[in-house]
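For reference, the chains in residue letters:
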Amino acid sequence: VVSTYQLLSQYLQDYKAYQESISDNSTDIRRDKQVVEDTIGFFTEKFGLVIADESHHIQAETFRLIAMNLEIPKRLALSATIESSGHSSLVIATMGPIIYDLTYGALAREGYIAPICYRKIFVPLTQDEKNYLLREENRVGAQSKIAREAKNKYPVLLKLLKAPFVSQTLIFTTRISHAEKIHKYLLKHGIDNTC
C-alpha cells in the first residue's frame, strides 16, 4: 500500500477522535465509526513493515504523529538528508537506528549517479528589490522571495541554457508559480520547455 503521510495522519486523527468520543459519549465523529476501525485495523494488523520515505521530515507534527502511533513492528526510514535536517535523533527514536549510510560522493565514484558540478552565480539585485528588502519587516521571508524571484536571474538562466555544453536541463523550483514564470520566460525567448 502506498500512501501519503497526510492521509495516514488523517486516519490516525479520526481514530483518536473516535476513541475520545467513546469515552465522553460525544457524537462528533468526523468519519463513520466502521470506516475508522477498519482502516486502523488494516494498517496495524496487516503489515509487518512500514517504509517511510523522506523521513527527515519526521519533526513535522503530521509525520511525528504517524511514526509514534502506527503499530507496525518493523520500520525502515529513508532519507538523503537526515544528518543535515538536525532532527536525526527524532527519526532514530521513532524509526530505529541508522543501519546503512551511503554518501552521494560514493555513489558518483561508483558510477551510479552523475557527479555534481556546483557553482554559485551571483546576480545583482535591482534597486526595487533592494528597496523591498529594506522595507520588509519579515527579513527572512523577504530574502527568500527575492532570492527566488530576482529579475536578473532570468537572463543568466537563459545564457546557461543556450551554452554549447547544454543538451537537456532539469530546473528545480520551490513554488509552482515560480516554475510557471520560468516556463513563460523561456518560451518568450524561444526555448521550448514543459512545466
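Residues numbered from 1 in each chain as written. Predicted model: local features only at pLDDT ≥ 70, side-chain atom pairs only at ≥ 80, totals over all residues. Heavy atoms only, no water.

So, the environment of V2
Working step 1: Mapping V2 onto the fold places it in the segment before α1 (5–24).
Working step 2: On the accessibility criterion, V2 (86% relative accessible area) is exposed.
Working step 3: The spatial distance from the C-alpha of V2 to the C-alpha of V50 is 9.9 Å, given a sequence separation of 48 residues. (Helix = DSSP H or I, 4+ residues; strand = E, 2+ residues; numbered from the N terminus. Buried < 20%, exposed > 50% of the residue type's maximum accessible area, 1.4 Å probe, protein only.)

Observations regarding the pattern of salt bridges
Working step 1: Under the criterion given, the structure shown has three salt bridges.
Working step 2: Between K181 and E149 there is a salt bridge, and its shortest N-O distance comes to 3.2 Å. Of the two residues, K181 sits in helix α10 (residues 176–188) while E149 sits in helix α8 (residues 139–149), which places them 32 residues apart along the sequence. (Salt bridge = Lys/Arg side-chain N within 4 Å of Asp/Glu carboxyl O.)

Some remarks on unusual backbone geometry
Working step 1: Unusually for a residue other than glycine, E54 sits at a positive phi of about 55°.
Working step 2: Position of E54 among the secondary structure elements: in the loop between β1 (49–52) and α3 (61–69).
Working step 3: Classification of E54 by relative accessible area gives partly exposed; the value is 39%.

Looking at the pairing of β1
Working step 1: Here β1 shows a clear split, with V50 and A52 buried on one side and none of L49 and I51 buried on the other.
Working step 2: With four bridges connecting them, β1 and strand β2 (residues 74–77) associate as parallel partners. Among the inter-strand pairings, V50 is bridged to a residue of β2, identified as R75. (Pairing = 2+ DSSP bridges.)

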